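# Structure at a glance
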Amino acid sequence: LWFPLVPSVFHWFPLVSTGFVWFPLGVDLRQYSKQVEAELQRIEQASIKDYIKESQNIALLHNQITACDSILERMEGMLSGFQSDLSSISSEIQTLQQQSVSMNVRLKNRQAVRSHLSQLVDELVVPGAMISPVTEQEFLEQLHELNNKINFAKELSFRETLACSDIQDIVDRLKLKAVSKIREFILQKIYSFRKPMTNYQIPQNTLLKYRFFYQFLLANERTVAKEIRDEYVDTMSKIYFSYFKSYSGRLLKVQYEEVADKDDLMGVEDTAKKGFFSKPSLKSRNTIFTLGQRGSILSPAELEGPILVPHTAQRGDSRYPYETLFRSQHYALLDNGCREFLFLSDFFMVAGNSALDLFNSIMGKTLSMFLKSMSTYVSDCYDSIAIFLCIHIILRFRAITAKRTIPALDKYWEAVLELLWPRFDLILEMNIHSIRNTDPQKLGVLDTRPHYITRRYAEFSSAIVSINQTFPNERTNALLGQLQIEVENFVLKMAAEFPSRRDQLIFLINNYDMMLSVLMERAADDSKEVEGFQQLLLARTQEFIEEILSPPFGGMIAFVKEAEALMEKGQLDRLKNEEARISQLVRGFSSSWKQSVEAMSQDVMRSFTNFKNGTSIIQGALTQLIQYYHGFHKVLNQPTFRSLAVRSELINLHHLMVEVKKHKPNF
């Protein structure tokens, strides 16, 4: 290692470590110490010279440092002052914050108190001219306001609010004044209903806009509210009774003068009433067993159409059947009853049984009058179609009220039906007995054309079946079934009066065809009545075809039936000796079949009143004839008869069919 001794010496000496101090090797320590000391003095002198040289700058720096120290001391004083001021401001801000929170709480409390107090004051303040005349619109608004004040005063009285006593006397006087005005006003409105009406409608709905009047009375003066309701009930009960009694009486004056009586039964002889089944004059009487246009009363357009105005009908000299008057009367009842029930529920604020009781107290007398007058009329009525139409009018009106959810008239509808159903059943049973007890020998000259009793039945049955389709009734169906059985028995008894089977069959077919035609105009094709007469007509038609084919072609038909029976048994050889008979049948048919078919066609068309039915029978007879002749061909083609020379005289089957078609009527 080398160590520089002094900055001015550039020689490096090796150093030896003695364990504690490093020194150059081969150098005297005393000498070396002196040398170092001299060097240090020299450096010191140089440093002193440097300091002396820079003394001015040092003095200037000292002055500057002294000045800065003075400035810093002042700044320290200022910062200390600022720190003290900030501490004071912080405490003031905290104080202000506390004061703000306190003021905010006081403000909210005062606002809450103000809100309650302002509402209380507003509710308690009563204007000087609060109750104006009832006729003015302001009265209703003021009445609402007064009602609110009354309710508020009641609420405060429970809280024992002292301010309530200050206005209680004023509110009570205003309440009495309002009650008095409302009572007088509503009573005048109710009394105004007693004026004569022209459209048979009570204008009670004019009270609905004053519904709050009654609500006010009910809440504040129940005695007056009860008086109002009782007066309304009494007045309306008398009005409805008077108007409907007058209306019903006027309606009866435009009813047909000639109506059915106890002798107008299905089995009564036609001479009992001359012209009984000719088309009636609409000004004189109504039909008994024919529905005609009477069924249109059940159409929605007429069922809910305008009611009849009696004096207008009288001026026009118009007359109507009972069911038309019945419909008009009960539609007026339905219309007024529905509106009355809705009005009572709304104005008097009642529901359920209370509403029904209130409605019955008003309409009960009118409904009893209706039932009494109806019972009197029905007990002497023999017009079964009119009764049945009335039943279905009620059934439809009951459906209308159910759709409108108006239960007020439900019991009345049931009471009316309890009057009408037994009477209808009785009249129907009377007709059944009249047919059952009919003596064919007392019905005049025999005629194969449709009988007037079966025509009555056909018209009546089709009318009842068509009406009964919408609201089917098993009891009615059962009675119609009994009536059909009696009519079938009657037709058979009448047919038995004819001496020949041919005339009997013509009579039966004409009557069955007529009844079926009438029924199919109104009843459904799958009804029991239609199906029953279709089967009877088909059976008698087949028998009649055999009957008319027998005289000209009976020999051939008998031979074919006999041969077919023997063929089934395998005994056809028993007829091999019948050559003469077969020859006679073949030649007889070939020579006379055209004349026989022509005569048969003319006879059939003369015998049957229904042209369509006659042509159908002719077609059936010709078809059956071809089938028999085809069977005749089939028999003669058997080995037993193939050797017969007469087979060559048989008419070609196809040629026969072509010729037969020429004799079929065209329509």
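Computed from a prediction, not measured in an experiment: that's the story for all the values here.

About the cut-offs
- Residues numbered from 1 in each chain as written.
- Predicted model: local features only at pLDDT ≥ 70, side-chain atom pairs only at ≥ 80, totals over all residues.
- Heavy atoms only, no water.
- Helix = DSSP H or I, 4+ residues; strand = E, 2+ residues; numbered from the N terminus.
- Buried < 20%, exposed > 50% of the residue type's maximum accessible area, 1.4 Å probe, protein only.
- Contact = heavy atoms within 4.5 Å.
- Areas by Shrake-Rupley, 256 points an atom, 1.4 Å probe, with all protein chains shown as cover.
- Phe/Tyr/Trp six-rings, centres within 6.5 Å; stacked < 30°, edge-to-face > 60°.
- Expected span 1.5 Å × (residues − 1).
- Axes fitted to C-alpha atoms, helices over the stretch in contact; angles between N-to-C directions.
- Parallel < 35°, antiparallel > 145°, perpendicular 65-115°, else oblique.
- Left-handed = near helix turned anticlockwise from the far one by under 90°.
- Nonpolar A, V, L, I, M, F, W, Y, C, P; charged D, E, K, R; others polar.
- pLDDT = per-residue confidence, 0-100.

## Description of the overall build of the protein
For the protein, the count of helices and strands is 19 helices and 3 strands. Across the 667 residues that make up the protein, the buried fraction comes to 41%. Look at the contacts in the protein between residues 6 or more apart in sequence, and 76% of them connect residues 24 or more apart. Carbon together with sulfur atoms contributes 54% to the accessible area of the protein, which is approximately 37,600 Å² in total.

## Considering the packing of aromatic side chains
Tallied over the full model, the rule gives 33 aromatic pairs. Measuring from ring centre to ring centre gives 5.4 Å for tyrosine 232 and phenylalanine 348, while their planes differ by 55°; the resulting arrangement is tilted. Residue tyrosine 232 is located in helix H6 (residues 222-252), and its partner phenylalanine 348 is located in the loop between helix H9 (322-347) and helix H10 (352-378); the two are separated by 116 residues in the primary sequence. Across the pair, exposure class does not vary: tyrosine 232 and phenylalanine 348 are buried alike.

## Some details on helix H11 (residues 384-403)
Taking 1.5 Å of rise per residue, the 20 residues of H11 would be expected to cover 28 Å, and the 29 Å separating its terminal C-alpha atoms lies within 8% of that figure. Most of H11 is tucked away: 16 of the 20 residues are buried. Backbone geometry just after H11 places threonine 405 at a positive phi near 55°.

## With respect to the packing of H9 against helix H12 (residues 410-436)
Interhelical geometry of H9 versus H12 gives an angle of 160° and a closest axis separation of 13 Å. With respect to H12, the element H9 is oriented roughly antiparallel. Where H9 crosses over H12, the two elements pack in a sense that is right-handed. Between H9 and H12, the residues in contact are Phe326, His330, Leu333 and Leu334 and Tyr412, Trp413, Val416 and Leu420, respectively. Residues of the contact of H9 with H12, tallied by class, amount to 7 nonpolar, 1 polar and no charged.

## Observations regarding the confidence of the model for the protein
Of all residues in the protein, 85% attain a pLDDT of 70 or more, and the chain-wide mean is 84. Throughout residues 1-20 the model reports pLDDT below 50, and contacts reaching past four residues in sequence, or to other chains, amount to 35 contacts. The low-confidence segment residues 272-286 (pLDDT under 50) makes 34 contacts with residues lying over four places distant or belonging to another chain.

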